Structures are given as C-alpha cells and as structure tokens.
Amino acid sequence: MTLNFLIFFDNTQTINGTGECKRVWQDLFEKSPKLYSSILSCIAFDNKVIDHESITWRLANDEIFEIVLIYEVKNEKIYKVTALENENHKSKTRAN
C-alpha cells in the first residue's frame, strides 16, 4: 500500500510514497525551525480522521494559515492524506 498526499479541490497528487513523504517533511522541518501547528478540531469517522489545523512559521513565514487534513486509514496505517487549503494561501504553502 502506497502513502499518497492529494489536494482536495483538484485531486492533484503532491506526495507519492513513504520515502518521498519522509524527504518532504524532513526538508520542511529543516527549513521551518519555528514551525507550530495547533489542532483546532478533530473528527474521527469510520476509517477517516479529519483535522482542522492552524499553522505558523512555515518556511519562516509568521502569517497564520489554516488547513484541513483528511487522513484515511487501512490496516491501521495511513494510506491517503487529502488537504483542503484556503485559496489565499495555496501558493504560499508549497515547500520549495
């Protein structure tokens, strides 16, 4: 089973596979030493967990933005993450 990250609005795949996921997040954390995320709400339903998060200091940007992440689980492992981003922040939230 392959781990995939998708954008909700157009189903664009942003990360494919566990190895790529680790590389992307490691790079983000190295470039964002002050990164902070607060979970505003969390819903667990069937095989899905939905988190609404408030994030600051992503890529040294102190602006607060919100994101909703939908985690899908199979055999006790996350296999799909779908992100819903505010239209105003889409271009600002991509790691380079």
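Residues numbered from 1 in each chain as written. Predicted model: local features only at pLDDT ≥ 70, side-chain atom pairs only at ≥ 80, totals over all residues. Heavy atoms only, no water.

Further remarks concern the overall build of the protein. When you go through the protein residue by residue, the secondary structure sums to 1 helix and 6 strands. Secondary structure elements in the protein, listed N-terminal to C-terminal, are β-β-α-β-β-β-β. Partitioning the contacts of the protein with sequence separation of at least 6, the portion at a separation of at least 24 is 32%. Here the protein has roughly 6,500 Å² of accessible surface; of this, 53% comes from carbon and sulfur atoms. (Helix = DSSP H or I, 4+ residues; strand = E, 2+ residues; numbered from the N terminus. Contact = heavy atoms within 4.5 Å. Areas by Shrake-Rupley, 256 points an atom, 1.4 Å probe, with all protein chains shown as cover.)

Further remarks concern the sheet that holds strand β4 (residues 48–56). Taken in spatial order, the 6 strands of this open sheet run β2-β1-β6-β5-β4-β3, and their pairing is mixed. Pairing within the sheet leaves two strands with one partner each, and these edge strands are β2 (13–16) and β3 (36–45). Ignoring which end each strand starts from, the neighbouring axes of this sheet average 20 degrees apart. Bridge count for β4 against strand β5 (residues 65–74) is 8 bridges, and the pairing is antiparallel. Looking across to β5, one finds that Ser54 is bridged to Glu66. (Pairing = 2+ DSSP bridges. Axes fitted to C-alpha atoms, helices over the stretch in contact; angles between N-to-C directions.)

With that settled, consider the side chain of Thr82. For Thr82, the position within the fold is in strand β6 (residues 77–85). Ignoring sequence-local partners within four residues, the contact set of Thr82 consists of Leu6, Ile7, Phe8, Val68, Leu69, Ile70 and Glu72.

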